[in-house]
Amino acid sequence: MKFEKVALPYATDALEPVISKQTVELHYGKHHQAYVDNLNKLVVGTKFENSDLETVVKESDGAIFNNAGQVLNHNLYFTSFKQGGSSVPKGALGDAINAQYGSFEKFQEEFNAAGASVFGSGWVWLAKDGSGKLSIEKESNAGNPITKGLTPILGFDVWEHSYYLDYQNRRADHLKELWKIIDWDVVSARY
């Protein structure tokens, strides 16, 4: 199986000013492509050579896990956005967030705080378990909630390459701005 990065569902400048064209071109075009290229080289001759991406993430370790995790993470990340995103999730996901966190605003505060507190490089995720219960998961490096038996719904990349050109060391500001470009139709469909 040849792994590929997901196609962007928008132009590279569509997320401005939240994420600049230059950041999208470097993050998606260089970083994400490198993970895909590395993974395709690393799986040759292994038991993962013909596996799907989620299986590789769940069952691998070391360099294969690191690159597979980043391919999966970035595929989810880049498809979570759209130009002029909607402000809040509707339907079952919106109801679940309100029921569990009290309000969407309280959920955002908790999610942003978790993302800002990830030490070093990693991800903050909204995930669900088999019964639909939501959780906010902090993952280091290439971590993804599927390794814990959870389904990732929304992930914010807190590696510096995802925000440094636009926000320098202001990770918290970057996290707050990302809510303006969420494609809640796509994200809600994952719930």
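Residues numbered from 1 in each chain as written. Predicted model: local features only at pLDDT ≥ 70, side-chain atom pairs only at ≥ 80, totals over all residues. Heavy atoms only, no water.

Participant: Provide a residue-level description of helix 5 (residues 104-116), including the pertinent values.
Facilitator: Residues three or four positions apart in an α-helix share a direction because the helix packs 3.6 residues into each turn. With 13 residues, helix 5 extends 18 Å between its outermost C-alpha atoms, agreeing within 8% with the 18 Å of an ideal straight helix rising 1.5 Å per residue. Taken together, the buried positions of helix 5 are occupied by Phe104, Phe107, Gln108, Phe111, Asn112, Ala114 and Gly115. One face of helix 5 carries all of its buried residues, which in axial projection span an arc of 160°. Residues of helix 5 that are exposed and point over 90 degrees away from its buried face: Lys106 and Glu109. The elements touched by buried residues of helix 5 are helix 4 (91-101), strand 1 (122-128), strand 2 (134-140), strand 3 (151-157), helix 7 (171-178) and helix 8 (184-189). (Helix = DSSP H or I, 4+ residues; strand = E, 2+ residues; numbered from the N terminus. Expected span 1.5 Å × (residues − 1). Buried < 20%, exposed > 50% of the residue type's maximum accessible area, 1.4 Å probe, protein only. Arc of directions from axis to C-beta. Contact = heavy atoms within 4.5 Å.)

Participant: Give me the lowdown on unusual backbone geometry, citing residues and values where you can.
Facilitator: With omega at 5°, the peptide bond leading from glutamate 16 into proline 17 counts as cis. Turning to its location among the elements, proline 17 is positioned in the segment before helix 1 (21-42). One non-glycine residue, asparagine 141, adopts positive backbone phi at about 50°.

Participant: Break down the pattern of salt bridges for me, with residues and values.
Facilitator: Under the definition given, this model contains five salt bridges. Between glutamate 137 and lysine 148 there is a salt bridge, with the nearest N and O atoms lying 2.9 Å from each other. Here lysine 148 lies in the loop between strand 2 and strand 3 and glutamate 137 lies in strand 2, a separation of eleven residues in the sequence. You can call lysine 148 partly exposed: its relative accessible area is 45%. (Salt bridge = Lys/Arg side-chain N within 4 Å of Asp/Glu carboxyl O.)

Participant: If you had to explain the pairing of strand 2 to someone new, which residues and values would you point to?
Facilitator: For strand 2, the buried fraction is high: five of the seven residues fall into the buried class. In terms of strand pairing, strand 1 meets strand 2 through seven bridges, oriented antiparallel. Following the sheet pairing, valine 124 is matched in strand 2 by lysine 138. (Pairing = 2+ DSSP bridges.)

Participant: Describe helix 3 (residues 62-78), and please don't skip the residues or the numbers.
Facilitator: In this model helix 3 runs 24 Å from its N-terminal to its C-terminal C-alpha over 17 residues, within 8% of the 24 Å that 1.5 Å per residue would give. Counting buried residues in helix 3 gives 14 out of 17 residues, a clear majority hidden from the surface.

Participant: Give me the lowdown on the environment of arginine 190, citing residues and values where you can.
Facilitator: Position of arginine 190 relative to the elements: it lies in the segment after helix 8. Relative accessible area serves as the criterion here: at 17%, arginine 190 is assigned to the buried category. Between the alpha carbons of arginine 190 and glutamate 139 there is a distance of 19 Å; along the sequence they are 51 residues apart. Excluding residues within four positions of it along the chain, arginine 190 makes contact with Leu76, Thr79, Ser80, Lys128, Thr151, Pro152, Ile153 and Leu154. At 2.8 Å, the side chain of arginine 190 and the side chain of serine 80 are in polar contact. (Polar contact = N/O pair within 3.5 Å; in protein donor to acceptor, adjacent residues only side chain to side chain.)

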